[in-house]
Amino acid sequence: MMPDSRKFIENLSGAGKSIGVLTSGGDAQGMNAAVRAVVRMGIYVGAKVYFVHEGYQGMVDGGDNIKEASWESVSSMLQVGGTVIGSARCKDFRTHEGRLRAALNLVQRGITNLCVIGGDGSLTGANLFREEWSGLLDELVQSGQITEEASQTHSTLHIVGMVGSIDNDFCGTDMTIGTDSALHRIIEVVDAIMTTAQSHQRTFVLEVMGRHCGYLALVSALACGADWVLIPEMPPKDGWEEQMCHKLSENRADKKRLNIIIVAEGAIDHNNKPITTDLIKDLVVRCLGFDTRVTILGHVQRGGTPSAFDRILASRMGVEAVLALLEASPGTPACVVSLCGNQAVRLPLMECVQMTQEVQKAMDEKRFEEAVKLRGRSFENNLNTYKLLSHRKIDTELPNSSFNVAVLNVGAPAAGMNAAVRSAIRVGITEGHTMFAVSDGFEGFYKGQIKEIKWGDVGGWTGQGGSLLGTKRTLPAKHIGKIAEQMSIHNINALLVIGGFEAFESLLQLVDARSSYEEFCVPMCMLPATISNNVAGTDLSIGADTSLNAIVETCDRIKQSASGTKRRVFIIETMGGYCGYLATVGGLAAGADAAYIYEEPFDIRDLQSNVEHLTEKMKTSIQRGLVLRNENCSENYTTDFIYQLYTEEGKGVFDCRKNVLGHMQQGGAPSPFDRNFGTKIAAKAMQWISKKLKEFYREGRVFANTEDSACLLGMRRRALVFQPVVQLKDETDFIHRIPKEQWWLRLRPLMKILAKYKTSYDVSDAGQLEHIIRPRAKDSSAI
């Protein structure tokens, strides 16, 4: 047998170490979740953790600003926006004198590990502090403020950063803490404005934050299907004014009753001159005479409760930051914990800062294309998708492909399906295909409910929940002959199926039917859209994020009710079939004490230890409990059984309530993440379909019979990949309708640690310091 090279948290000890945690710069939703994770993980490994209140100002002033944190002191922080420990812009820390005082305050408390949550300015400051550390200690020894011995003991300062910034303007991470929540605020406002704009046939110009970075403007424009967007990284070409007005009037002519224009506060033209909302309003009124209003969102975007995504991101980052501090040696450079695809990675802090500064330099020097590349792949993908969808080509500009592509939804509804359909239809039309929409899944297919769908037919679909095409769980095998007949009648050359586990099974059945029916020898692609997130081949599915937000919002309210009554435990049942994703990740985001799932078998002893754990918790100042249970986690330990067991065992200590969340988890307007994810993967899938159609076009017809002509497009760790559905068969447990291996099970120990359970946690995945990948300059011969 191979020696086990895995690393476990049990072997990492923080005994004798002290960690200081501070938030600095502009606040961002999710900072508190990060602070909570650092404090609890720090205490869990045996370290002392200190709050540094008011950012660097508190570090310089010392005294009561630096306080030791306890486990209970971070309770109820998870759902609060902003930063509870305060943040301040600090002039003193910029001076040598200020940093000297800060060093003294830290040494006096034995703190040599700092976790800084802030933007690039805050992190640069931390790095400078680290570089000067030994010099500062020498000065303190010379002036007699600390002993030589103290200077030796505290000779190295370790720093780990987490990026908290709503602008998402930091290179090296796909998402910064706070960005997703800011998008939630923007989209809530846009959705609300759309109804009033529709009533009065108005044009709205919205200004969103982002002085140097257009991420919020770009993604919110994608997520609400805005008519025009202006961002600093992509100044509009000369003559843009006429182009924009032409597009607005064209949309109005196409029965669209409203226009939305989104402007980043740092938007500029090619001469680096600012483009303001008033300038745009005057332009629209002058050229088109449209009734136009301006709305500046301002600090609303920083406010409110953090989204589920930000809570999970911040909790994962906080735990990773503590691990990075425990593993740091004197030679380790200061690092930031960042997100790449779906993975936490560590990157050298200064490499990221330098790259972030290079973006600004490139923009100042009008090298805009380079600036977009430096921003990173996430930004670039968003921009490319926006460009694909924003410009409606006139028929003469279209490549004439004469291919027919059908789109349908299969399975249960999931928020974000409509955004995916809209994106697929529009990209398909841009690629020159004739697009067909199938109503009510394969049931509608065999009945012939198939009709051509045009560009204008999917206007305004991104923000709609559920499935506008209609969806059914019916599998094709029952009506395979009739479906083949319809494929033939409409001459369908490719299929895009958007749905959950049934969609996956459907594609497998169609591939099987290829040997009997040539009609199915066409390229087929499936996009995973299911709140349960239970399809093999993808880490994330369209709809799961919206569902998590619904669960977390309800849990927040329930926790509030429990805090008021005191000594109350809530048992909450979530959906998901046999897949424990919603219960586990929802539990992590809502701060649950336990989450029961099918994938991690439990018995009466586990239930007993959970009850004992809650009994202990009731003796502290946090007198409430939250327990999540997946609907199919156990045949016999039902929600009622667990509720009755807890009620009986908790007699005299706590009382219980139960709550079945039910179908509210399937409904609601899609979250920004689901709109964006759906839009991006559908666009990518349509481009793949176009490529396959050309590849398999022979002698006047399309014939595709290879494994790789029927794929699922999924997010795997760091990339979007097309995987043949036939190959995913082996990765699937068909009886329980779940993948055999699920990445999120690695998050379970985090939930337990943050709820004060001793557990084993495999941290071998965490770890190695990587380097930031510089974008390669495009080959000049490339188009």
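Preceding this paragraph is the structure being described.
Chemist: Report on the overall build of the protein, specifying residues and quantitative values.
Modeler: Along its length, the protein carries 24 helices and 27 strands. Relative to a compact globule of 783 residues, whose C-alpha radius of gyration would be 28 Å, the protein shows 27 Å and is just as compact. C-alpha extents for the protein along the principal axes are approximately 90 × 70 × 55 Å. Within the protein, buried positions represent 61% of all 783 residues. Entry remark: accessible area of the protein is about 30,700 Å², with carbon and sulfur atoms responsible for 49%.

Chemist: So what about the sheet that holds strand β4 (residues 113–118)? Which residues, and what values?
Modeler: Overall, mixed pairing links the seven strands, which are arranged β3-β2-β1-β4-β5-β10-β11 in an open sheet. In this open sheet, the two strands that pair with only one neighbour each are β3 (66–68) and β11 (343–348). Taken over all neighbouring pairs, the strand axes of this sheet differ in orientation by 25° on average, direction set aside. Pairing geometry for strand β2 (residues 48–52) and β3, over three bridges, is antiparallel. Note that in β3 the partner of V52 across the bridge is I66.

Chemist: Any chance you could break down the sheet that holds strand β21 (residues 655–660) for me, citing the residues and the numbers?
Modeler: Read from one edge of the open sheet, four strands run β19-β20-β18-β21, paired in parallel fashion. The open sheet is flanked by β19 (594–596) and β21, the only strands paired with a single partner. Sheet twist, expressed as the average angle between the axes of neighbouring strands with direction ignored, equals 20°. Where strand β18 (residues 568–574) lies against β21, six bridges are found, and the strand directions are parallel. Bridging across to β21, R568 finds its partner in D655. Sheet strands touched by helix α18 (residues 544–565): β18, β20 (624–630) and β21. Its angle to β18, the strand with the most contacts, is close to 165°. Strand contacts of helix α19 (residues 581–590): β18, β19 and β20, with the helix running at about 160° to β20, the strand carrying the most contacts.

Chemist: Outline the packing of aromatic side chains, listing residues and values.
Modeler: All chains considered together, the criterion is met by 17 aromatic pairs. Measuring from centroid to centroid gives 5.2 Å for F93 and F129, while their planes differ by 70°, and the two rings are edge-to-face. Of this pair, F93 sits in the loop between β3 and α3 (96–108) while F129 sits in helix α4 (residues 120–142); the two residues are 36 residues apart in sequence, bridging distant segments of the chain. Residue classification places F93 among the buried positions, given a relative accessible area of 5%. Judged by its relative accessible area of 0%, F129 is buried. Between the aromatic rings of Y637 and F641, the centroid separation amounts to 5.2 Å while the plane-to-plane angle is 40°, which identifies the pairing as tilted. Classification of F641 as partly exposed rests on a relative accessible area of 31%. Sitting over the ring of F290, R252 keeps its end group 4.3 Å from the ring centre. Positioned over the ring face of F379 is R375, at 6.0 Å from the centre of the ring.

Chemist: Tell me about the environment of E731, and name the residues and values.
Modeler: Positionally, E731 belongs in the loop between α23 (725–728) and β26 (732–733). Assessed through its relative accessible area of 32%, E731 is described here as partly exposed. Filtering out sequence-adjacent residues up to four positions away, E731 remains in contact with A536, G537, R716, P739 and K740.

Chemist: Give me a positive patch on the surface: which residues, what numbers.
Modeler: Judged by side-chain charge, R89, K91, R94 and R211 come together as a positively charged surface patch. Within the element layout of this structure, R211 appears in the loop between β6 (203–208) and α7 (215–224).

Chemist: Now, about the pattern of salt bridges: what can you tell me, with residues and values included?
Modeler: Pairs may arise between side chains of opposite charge once their charged atoms sit close together. Applying the stated criterion across every chain, the model contains 36 salt bridges. Between R99 and E132 there is a salt bridge, with its nearest N and O atoms 2.8 Å apart. Taken together, the positions of R99 in helix α3 and E132 in helix α4 put the pair 33 residues apart, joining distant regions of the chain. One exposure class covers both R99 and E132, and it is buried. When the shortest N-O distance is used, the salt bridge between R629 and E573 registers 3.7 Å. Of this pair, R629 sits in strand β20 while E573 sits in strand β18; the two residues are 56 residues apart in sequence, bridging distant segments of the chain. For the residue pair R629 and E573, the accessibility class agrees, reading buried in each case.

Chemist: Explain unusual backbone geometry residue by residue, including any values.
Modeler: The phi torsion at D440 lies on the positive side, around 55°, for a residue other than glycine. Within the secondary structure, D440 is located in the loop between β13 (434–438) and α15 (441–446). Judged by relative accessible area, D440 falls into the partly exposed class, the value being 26%. Phi at R567 takes a positive value of approximately 50°, unusual for a residue other than glycine. Its location among the elements puts R567 in the loop between α18 and β18. On the basis of relative accessible area, R567 is assigned to the partly exposed category, the value being 37%.

Chemist: Could you give an account of α7, with specific residues and numbers?
Modeler: The element α7 is extensively covered by neighbouring structure, given that 10 of its 10 residues are classed as buried. Within α7, burial applies to Y215, L216, A217, L218, V219, S220, A221, L222, A223 and C224. The inward-facing, buried residues of α7 abut α6 (179–200), β6, β7 (228–230), β8 (259–264), α13 (377–390) and α22 (672–695). Two residues or fewer after α7 comes G225, characterised by a positive phi angle close to 65°.

Chemist: Outline the nonpolar core, listing residues and values.
Modeler: In summary, soluble globular proteins display a tendency toward joint burial of nonpolar side chains. Residues I262, L496 and Y581 are the most contacted members of the largest nonpolar core, which totals 157 residues. The dominant element in this core, judged by the number of residues it contributes, is helix α10 (residues 308–327), at 13 residues. Beyond its immediate sequence surroundings of up to four residues, Y581 is in contact with S532, N533, L540, A544, L548, G586, W743 and W744. Core analysis: the second largest hydrophobic core is formed by 49 residues, L106, L114, V336 and L347 among them.

Rules used in this analysis
All chains use their own residue numbering, which begins from 1 and follows the written sequence. The predicted nature of this model means local features are confined to residues of pLDDT at least 70 and side-chain atom pairs, given and counted, to a pLDDT of 80 or more, with totals for whole chains, interfaces and linings taken over all residues. Working from all heavy atoms in the structure, the side-chain values ignore hydrogens and water. For the purposes of this entry, the term helix denotes a DSSP run of H or I that reaches at least four residues, the term strand denotes a run of E that reaches at least two, and both are numbered from the N terminus. Our radius of gyration looks at C-alpha atoms and nothing else; its globule reference is 2.2 Å times the residue count to the power 0.38. The rule is simple: take the accessible area with a 1.4 Å probe, protein chains only, and divide by the maximum for that residue type; under 20% is buried, over 50% is exposed, in between is partly exposed. Only the protein chains shown count as covering a residue, and every accessible area follows the Shrake-Rupley method with a 1.4 Å probe. Two strands qualify as a pair provided that DSSP identifies no fewer than 2 bridges between them. Each axis is a line fitted through C-alpha atoms, and for a helix only the stretch in contact is used; angles between axes span 0 to 180 degrees, taken between their N-to-C directions. Residue contacts are counted whenever heavy atoms from the two residues lie within 4.5 Å of one another. Here is the rule: rings of Phe, Tyr and Trp (six-membered ring for Trp) pair when centre to centre is within 6.5 Å. Planes less than 30 degrees apart are stacked, more than 60 are edge-to-face, and the remainder are tilted. Definition used: whenever NZ (Lys) or CZ (Arg) falls within 6 Å of the ring centre and also within 35 degrees of the ring normal, the charge is taken to sit over that ring. Each patch is built from residues that are more than 30% exposed by relative accessible area and take part in no salt bridge. Like charges join if they lie within 9 Å; nonpolar side chains (Val, Leu, Ile, Met, Phe, Trp, Tyr) join within 5 Å. For salt bridges, the criterion is a side-chain nitrogen of Lys or Arg within 4 Å of an Asp or Glu carboxyl oxygen. When charges are counted, Lys and Arg are positive and Asp and Glu negative, with His and the chain ends excluded. Here the site of a charge means atom NZ of a Lys, CZ of an Arg, CG of an Asp or CD of a Glu. Among buried residues, those of type Ala, Val, Leu, Ile, Met, Phe, Trp, Tyr and Cys that are joined through side-chain atoms within 4.5 Å constitute a nonpolar core.

Geometric values such as these leave the question of function open.
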